[in-house]
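Below are the chains, spelled out letter by letter.
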Amino acid sequence: MAKSERRSLTPENEGDLLQKCLRRCCLCYALEGDDSPKEGQIAHLDHSRSNGNPENFVFLCLRHHNMYDATMGQAKNLTEHEVRRHRQTLYDAVAQGRIPAKGGETVLRYAPPQSFVNVSGDSNVVAGGNVNYTINFQKATRGKGRSSSRPPIIPGTVSEDARMVGYLNYLVRRYEQFKKWDCDSTGKKMGWGMIRNAYKREMKYELIHTPTEHFERGARYLQGRIAKTRLGRMFKGKRLYSQFNDFDETVADKDPLPALE
């Protein structure tokens, strides 16, 4: 059986699409609160290579393009209607000036197939394919070396509830307390921040953008990691951390390590 002919966007339609999204991935934006430019590809929404309708295309980062095209064994696949809705959310954010989030001037221009970039000042530059654009911005700071930008609040995630975010962060700090004791007692180097990366791999979301419906699962995962430390195993059955229903961040952060007898 002959393969169907692959239909691609015309250069004009491709330019329109990339200008609407500013090379932001709609799945990064909607699911993870990430509005930074991405290296990516233009994907067929209906997975039909022969459908060249401009409405059938979306710009996705490489990771989400792979996820969208993959056939999952147990996990729920990303759906076409889901991605279309996220695409529209992203387009609306760009049209309303909410992206680029850090402000400044955005230049989108077409270039010959050989791409080039020119960097000057405080700039973020992304180039790929036959489109280049430069985002210039001045970094706002709050104190030396700290960015004043805050993670965006995403509806339906724990970012809407400061107490939920506080509890998950507390469990992270509690784990790091226990792990630091482990490392000090064995002479190993402490891997600060590794638990957040592990959480993201397990939950598929950054901590602050954990869907509210998965909050309890995220808390259980962190509690389980605390219990698996050497101190956690030594004091199994004892109170190792505050529970969410009685959580008070100012008090919980002063919880001492279990007393060594």
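Use the structure listed above.
All of the points below concern the structure found in this document.

Reading the values: the criteria
Residues numbered from 1 in each chain as written. Predicted model: local features only at pLDDT ≥ 70, side-chain atom pairs only at ≥ 80, totals over all residues. Heavy atoms only, no water. Buried < 20%, exposed > 50% of the residue type's maximum accessible area, 1.4 Å probe, protein only. Helix = DSSP H or I, 4+ residues; strand = E, 2+ residues; numbered from the N terminus. Pairing = 2+ DSSP bridges. Core = buried A, V, L, I, M, F, W, Y, C linked by side-chain atoms within 4.5 Å. Contact = heavy atoms within 4.5 Å. Phe/Tyr/Trp six-rings, centres within 6.5 Å; stacked < 30°, edge-to-face > 60°. Lys NZ or Arg CZ within 6 Å of the ring centre and 35° of its normal. Patch = residues over 30% accessible without salt bridge, like charges linked within 9 Å, V, L, I, M, F, W, Y side chains within 5 Å. Areas by Shrake-Rupley, 256 points an atom, 1.4 Å probe, with all protein chains shown as cover. Salt bridge = Lys/Arg side-chain N within 4 Å of Asp/Glu carboxyl O. Lys, Arg positive; Asp, Glu negative; His and termini not counted. Charge placed at Lys NZ, Arg CZ, Asp CG, Glu CD.

Across the five residues of strand β2 (residues 57-61), five count as buried, placing the element largely inside the fold. Burial along β2 is two-sided: F57, F59 and C61 and V58 and L60, pointing in opposite directions, are all buried. Across five bridges, the pairing between strand β1 (residues 40-44) and β2 is antiparallel. Residue pairing for β2: Q41 is matched across the bridge by L60.

A few words now on the nonpolar core. For soluble globular proteins, the rule of thumb is that nonpolar side chains tend to be buried together. Y167, L168, L171 and L222 are the most contacted members of the largest nonpolar core, which totals 26 residues. Contributing elements (two or more residues each) for this core: α5 (162-186), α6 (194-203) and α7 (215-227). Among the elements that line this core, the one with the most residues is α5, at nine residues. Ignoring any residue separated from it by four or fewer positions in sequence, one finds L168 in contact with V158, Y199, L207, T210, F215, G218, A219 and L222.

Our next topic: the packing of aromatic side chains. Per the stated rule, a full pass over the model turns up seven aromatic pairs. A cation sits over an aromatic face here: R163 above F244, 4.3 Å from the ring centre.

Turning our attention to a positive patch on the surface. A surface patch of positive charge is lined by K179, K188, R230 and R233. Locating R233 in the fold gives a position in helix α8 (residues 230-234).

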